[in-house]
Structure formats: structure tokens, C-alpha cells
Amino acid sequence: MRAVLTLAALLLAGAAAAEDAAVRRCIGPDGRKVFTDRRCEDALAGGAADAVPDGATASARAGDCTDSPADLRNRLARAWRQGNPIELSGLILWDGHGAQAARAELEMLAAQLREPLLAAELVPFDAESAELTVRAGTRTIWTRTWRLQRVLGCWWLIP
């Protein structure tokens, strides 16, 4: 798990320089995800055309995009079973989160993923939003609820 946290810290290392910098999720032409505080064009070598635009709330490339709340729930469950906070972080819409907030969220996710997932329950509200409640734990059972939102055709966890 320490290696996963180190990898997460490296992904956000560029964002450490400025506490208030926005964390951007960039997708390269090979489907590689990069989280950065820089413009996607600068963060991805040769992938400017396929990257999420600077400062935009845009969908990921086709095939990488969660197309429904159920798909998002299933990907969350898979990431949880694998204990993979990096995969889970790719399901979160990071817009508006500074480096410090994103780092704190990643650390909390890594700790939560150590507990077995007991349930992931969806409550749809309308065509653009829903809610996902996760229950996990062994001795102490805890819950966490995320708001789900559809943005430009993709569904995202809103921290």
C-alpha cells in the first residue's frame, strides 16, 4: 500500500508547488491518465490533442468514460476489491480541488480501501445526478456517500 501512496504522491507532485492550484485530469493518446496542476498540453508529451483542455470540465476519451451510474458503481467496486486508490481517483471529478485537498482525499481513499467493501448502493435522482453510498469495514462498519454527477456525458464521483 505504501507503494500505491508513493505513486499517488508522484502523480500529484507537480501540484505540490502551489496549494491553490487546480488538479487537472489529463488523458493521453494512449489512454494514460495523468493528474497535474499544469496545462494538460504541458503534462503530456505529444498528447495535447487528446488531453482534457486546460481548466475545462470535459469528459474523458470514449471507452474510458463511465456511461451510467451503474458503470461508475461497478468501476468503484472493482477498484475497491483491488485496493487501487489510483483507479478510484480516476473516477473522481477533481475540478476545483487544490493540491492539498486532492492529496488529503487520496490519502483518505487509500486508508478506506484497506477495509472490505460490503455494499455500494445507488440512488438515482434524475438524468444528471445520483448518489452512491458505500459501506465498508470489519469490526467497525462505516459509510461514505458520494454525489454522482453527469458532466458532458460521463458520470463522476464528486468528493
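Residues numbered from 1 in each chain as written. Predicted model: local features only at pLDDT ≥ 70, side-chain atom pairs only at ≥ 80, totals over all residues. Heavy atoms only, no water.

Q: Go over the overall build of the protein chain, please, and point to the residues and values.
A: When its secondary structure is counted, the protein chain shows 5 helices and 6 strands. The secondary structure elements of the protein chain, listed N-terminal to C-terminal, are α-β-β-α-α-α-α-β-β-β-β. Among the 159 residues that make up the protein chain, the fraction classed as buried is 44%. Partitioning the intrachain contacts of the protein chain with sequence separation of at least 6 by distance along the chain shows that 49% fall at a separation of at least 24. For the protein chain, the exposed area adds up to about 8100 Å²; of that, 50% sits on carbon and sulfur atoms. (Helix = DSSP H or I, 4+ residues; strand = E, 2+ residues; numbered from the N terminus. Buried < 20%, exposed > 50% of the residue type's maximum accessible area, 1.4 Å probe, protein only. Contact = heavy atoms within 4.5 Å. Areas by Shrake-Rupley, 256 points an atom, 1.4 Å probe, with all protein chains shown as cover.)

Q: Can you break down the sheet that holds strand 3 (residues 117-124) residue by residue, with the values?
A: With antiparallel pairing, 4 strands are arranged side by side in an open sheet as 3-4-5-6. Sheet topology places strand 3 and strand 6 (154-158) at the edges, where each strand pairs with a single neighbour. Strand-to-strand twist of the sheet, defined as the mean angle between neighbouring strand axes without regard to direction, takes the value 25°. Sheet analysis places strand 5 (residues 141-151) next to strand 6, joined by 5 bridges and oriented antiparallel. Bridge pairing in strand 6 links Arg147 to Ile158. (Pairing = 2+ DSSP bridges. Axes fitted to C-alpha atoms, helices over the stretch in contact; angles between N-to-C directions.)

Q: Give a detailed account of the side chain of Arg75, specifying residues and quantitative values.
A: Counting through the fold element by element, Arg75 comes out in helix 3 (residues 69-82). There is a polar contact of 3.4 Å between the side chain of Arg75 and the backbone oxygen of Cys65. (Polar contact = N/O pair within 3.5 Å; in protein donor to acceptor, adjacent residues only side chain to side chain.)

Q: Give a description of the pattern of salt bridges that names residues and reports values.
A: For the coordinates displayed, the defined rule picks out 5 salt bridges. A salt bridge links Arg78 to Glu87; the nearest nitrogen and oxygen atoms lie 2.5 Å apart. Residue class for Glu87 comes out buried when judged on its relative accessible area of 16%. (Salt bridge = Lys/Arg side-chain N within 4 Å of Asp/Glu carboxyl O.)

Q: Explain the side chain of Ser129 to me, using residue names and the numbers behind them.
A: By the element assignment, Ser129 lies in strand 4 (residues 129-137). Not counting residues up to four positions away in its chain, the partners in contact with Ser129 are Pro124, Leu148, Gln149 and Trp155.

Q: Mind laying out the nonpolar core, listing which residues take part and the relevant values?
A: Core analysis: the biggest nonpolar cluster contains 21 residues, and Leu76, Trp80, Leu88, Trp146, Leu148 and Leu157 have the highest contact counts within it. Elements represented by at least two residues in this core include exactly helix 3, helix 5 (99-112), strand 4, strand 5 and strand 6. Residues contacting Leu148, with those up to four places away along its chain left out, are Pro69, Leu72, Leu122, Glu128, Ser129, Ala130, Glu131, Leu132, Trp155, Trp156 and Leu157. Leu93, Cys154, Trp156 and Ile158 belong to the second-largest nonpolar core, a separate cluster that totals 6 residues. (Core = buried A, V, L, I, M, F, W, Y, C linked by side-chain atoms within 4.5 Å.)

Q: Explain unusual backbone geometry residue by residue, including any values.
A: Non-glycine residue Leu152 carries a positive phi angle of around 50°. When you line up the elements, Leu152 lands in the loop between strand 5 and strand 6. Judged by relative accessible area, Leu152 falls into the exposed class, the value being 60%.

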